[in-house]
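Fold and contact review
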Amino acid sequence: MKHLAFSWSMGVGLSLATIAAGSAVAATGGGSGGMSSMLPAGIEQSGFGTLPDGRSVECYTITNANGIEMRVINYGGIILSLETPDRYGRMDDIVLGFDSLGDYLSPTYRQANPYFGALIGRYGNRIADGRFAVDGQTYQLPTNDGPNTLHGGNEGFNQKLWNAQPFSSSDGRGVVMTYTSPDGEQGFPGELATRVTYTLTDDDALVIDYRARTSKTTPVNLTQHSYFNLAGEGNPSILDHQLTINASAYTPVDETLIPTGEIAPVAGTPFDFQTPTTIGSRLGQRDTQLAYGKGYDHNFVLIKNAAAPQTLTRAARVVEPNSGRVLEVETTEPGLQFYSGNFLDGTLVGKSGQPYVLRSGLALETQHFPNSPNQSNFPSTRVEPDETYHSQTVYRFSTEDNLP
Ligand code: GLA
């Protein structure tokens with residue numbers, strides 16, 4: 001895997017303090033447990049409860065110049081809420097989630113495991129049989145999705161308490177989250193010092209920047225698992241959202257959602273989102289891939305500039321016709337998992353008191369392809385100790401005014 005050059009001069013055994021100090025953005029106060037009076041303008045901090053082991057969780061409310069408001073907690077790096085205007089300027093919360101920590105810790109939630117709003121690591125998406133080899137040595141991970149490992153194992157980054165540092169910079173304001181995963185955690189080799197920066201910009205974008213350094217060669221695939229409903233969370237369906245994906249191919253899967261290795265054209269299939277298409281329009285088709293996914297739960301091969309594959313390029317665009325809300329996704333990653341909320345079944349009740357029913361939210365997870373450690377024809381997820389993993393994704397919010 002080729003990684004963007006980055007000037008961390010950090011070796012192995014990185015401390016969290018070193019990572020925070022190496023931050024490319026200027027932290028201007030705050031920090032976990034910091035006094036809110038020291039916080040940058042546009043950021044508020046409040047307690048969000050206590051984990052069973054006694055550690056306290058902090059919530060950061062970040063507001064931009066146009067009133068877009070995002071709430072993030074340092075447990076799992078979870079985005080709790082994201083309020084954006086519709087085409088009349090009415091604000092709505094467009095991501096699925098809960099208002100209390102207890103909801104994210106409950107057995108019911110753990111059982112359903114939807115990963116609402118969370119940072120995902122070390123390996124977003126699936127690794128077949130939870131097994132891969134690095135330079136001849138085999139590693140076995142805990143399996144948590146049938147025979148496979150999903151989203152980093154039984155206790156992925158979505159369940160970690162991250163160190164958080166609020167900041168403001170010329171780009172906007174946000175929170176830097178750091179977490180150092182010990183060597184061998186969830187079966188992965190190497191200590192992985194991870195830093196994820198959420199920046200809410202004044203031109204209405206959420207920029208997510210991921211960096212990591214490892215002490216041993218290891219696969220890394222970090223992503224974010226927000227579920228969007230651009231009509232507002234609690235609305236029962238995303239099927240009328242119109243989706244465009246900048247992909248002419250996707251990676252078909254077997255019945256356990258592991259890619260077969262084939263890079264298949266989307267043309268002529270229900271996976272062709274090259275022009276704006278209503279999400280629900282082809283879900284009823286008899287299609288083996290849709291059947292395996294119980295809907296859309298597939299990785300799309302994004303069209304990239306071959307000469308500069310890690311450039312930030314358009315991945316997807318979603319339009320909700322009634323509100324006029326538009327979500328655009330750009331990424332440096334080669335893939336995008338489009339998941340149409342097929343496992344939501346109404347068991348979980350969200351912030352507005354509405355049950356999150358089948359297909360009431362959609363996820364657009366920018367990533368390397370699933371099971372890349374076992375697929376030599378996929379872009380590599382291998383990270384070496386002397387390089388920095390770097391990836392960036394932008395979620396951009398706007399409205400379309402001229403809709404019927
Ligand atoms: C990813 C997976 C889905 C599902 C969700 C969480 O999107 O691809 O199959 O596991 O996470 O429910």
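Structure: see above.
For the structure given in this document, a descriptive report is provided here.

Here we look at the site of the ligand
Surveying the vicinity of the ligand reveals 13 residues, the closest of which are Arg 126, His 151, His 225, Asp 297 and Glu 365. Side-chain polar atom of His 151 to an oxygen atom of the ligand: 3.0 Å apart, as the coordinates give it. Separating an oxygen atom of the ligand from a side-chain N or O atom of His 225 is a distance of 2.8 Å. In isolation the ligand exposes 300 Å². Once the protein is present, 97% of that is buried. With respect to the detected pockets, the ligand is housed in the largest pocket. Here the residues of the shell around the ligand sort into six nonpolar, four polar and three charged.

A word on the sheet that holds strand β22 (residues 297–302)
If you trace the six strands from one edge of the open sheet to the other, you get β17-β26-β25-β22-β19-β20, paired in antiparallel fashion. Strands with a single pairing partner mark the edges of an open sheet, and in this sheet they are β17 (227–228) and β20 (264–265).

With respect to unusual backbone geometry
For the bond from Gly 121 to Arg 122, the omega torsion is 0°, close enough to zero to count as cis. Within the secondary structure, Arg 122 sits in the loop between β6 (118–120) and β7 (126–127). Non-glycine residue Gln 186 carries a positive phi angle of around 50°. At Arg 359, a residue that is not glycine, the phi angle is positive and equals roughly 60°. Looking at where Arg 359 falls in the secondary structure, it is placed in the loop between β25 (335–339) and β26 (362–367). A relative accessible area of 15% places Arg 359 in the buried class.

A word on the sheet that holds strand β18 (residues 242–245)
The nine strands lie next to each other as β11-β12-β13-β14-β28-β24-β23-β18-β21, forming an open sheet whose pairing is antiparallel. One side of each edge strand has no neighbouring strand; the edge strands of this open sheet are β11 (163–169) and β21 (277–278). Across nine bridges, the pairing between strand β12 (residues 172–181) and strand β13 (residues 192–200) is antiparallel. Note that in β13 the partner of Val 175 across the bridge is Tyr 198.

Side note on the nonpolar core
In this structure, Ile 245, Phe 338 and Leu 364 are the most contacted members of the largest nonpolar core, which totals 57 residues. Setting aside anything within four residues of it in sequence, one finds Ile 245 in contact with Phe 273, Gln 274, Phe 300, Leu 302, Ala 315, Ala 316, Leu 336 and Phe 338. Counting 22 residues, the second-largest nonpolar core is a separate cluster that includes Phe 48, Leu 51, Cys 59 and Leu 80.

With respect to the packing of aromatic side chains
Aromatic ring pairs are reported here in terms of the distance separating the ring centres and the angle at which the planes meet. Tallying each qualifying case throughout the model produces 24 aromatic pairs. The interplanar angle of 85° and the centroid separation of 5.7 Å between the aromatic rings of Phe 273 and Phe 338 together place this pair among those described as edge-to-face. Of this pair, Phe 273 sits in the loop between β20 and β21 while Phe 338 is found in strand β25, placing the two residues 65 residues apart along the sequence. For the pair Phe 273 and Phe 338, one class covers both residues: buried. Judged by centre distance (5.0 Å) and plane angle (25°), the rings of Tyr 296 and Phe 338 are stacked. Of this pair, Tyr 296 sits in the loop between α4 (288–293) and β22 while Phe 338 sits in strand β25, placing them 42 residues apart in sequence. Like Tyr 296, the residue Phe 338 is buried in the burial classification. In textbook terms, an aromatic cluster arises when at least three aromatic residues are bridged by ring pairs, as seen for Phe 98, Tyr 104, Tyr 109, Phe 116, Tyr 227, Tyr 339, Phe 343 and Tyr 356.

What counts, and at which threshold
- Residues numbered from 1 in each chain as written.
- Predicted model: local features only at pLDDT ≥ 70, side-chain atom pairs only at ≥ 80, totals over all residues.
- Heavy atoms only, no water.
- Near = heavy atom within 4 Å.
- Polar contact = N/O pair within 3.5 Å; in protein donor to acceptor, adjacent residues only side chain to side chain.
- Areas by Shrake-Rupley, 256 points an atom, 1.4 Å probe, with all protein chains shown as cover.
- 1 Å grid on protein atoms, 1.4 Å probe; cavity = no way out; pocket = protein on both sides within 12 Å on 5 of 7 lines; lining within 4 Å.
- Sits in = over half its atoms within 2 Å of the grid points.
- Nonpolar A, V, L, I, M, F, W, Y, C, P; charged D, E, K, R; others polar.
- Pairing = 2+ DSSP bridges.
- Helix = DSSP H or I, 4+ residues; strand = E, 2+ residues; numbered from the N terminus.
- Buried < 20%, exposed > 50% of the residue type's maximum accessible area, 1.4 Å probe, protein only.
- Core = buried A, V, L, I, M, F, W, Y, C linked by side-chain atoms within 4.5 Å.
- Contact = heavy atoms within 4.5 Å.
- Phe/Tyr/Trp six-rings, centres within 6.5 Å; stacked < 30°, edge-to-face > 60°.

Remember that the coordinates give geometry; whether it matters functionally is a separate question.
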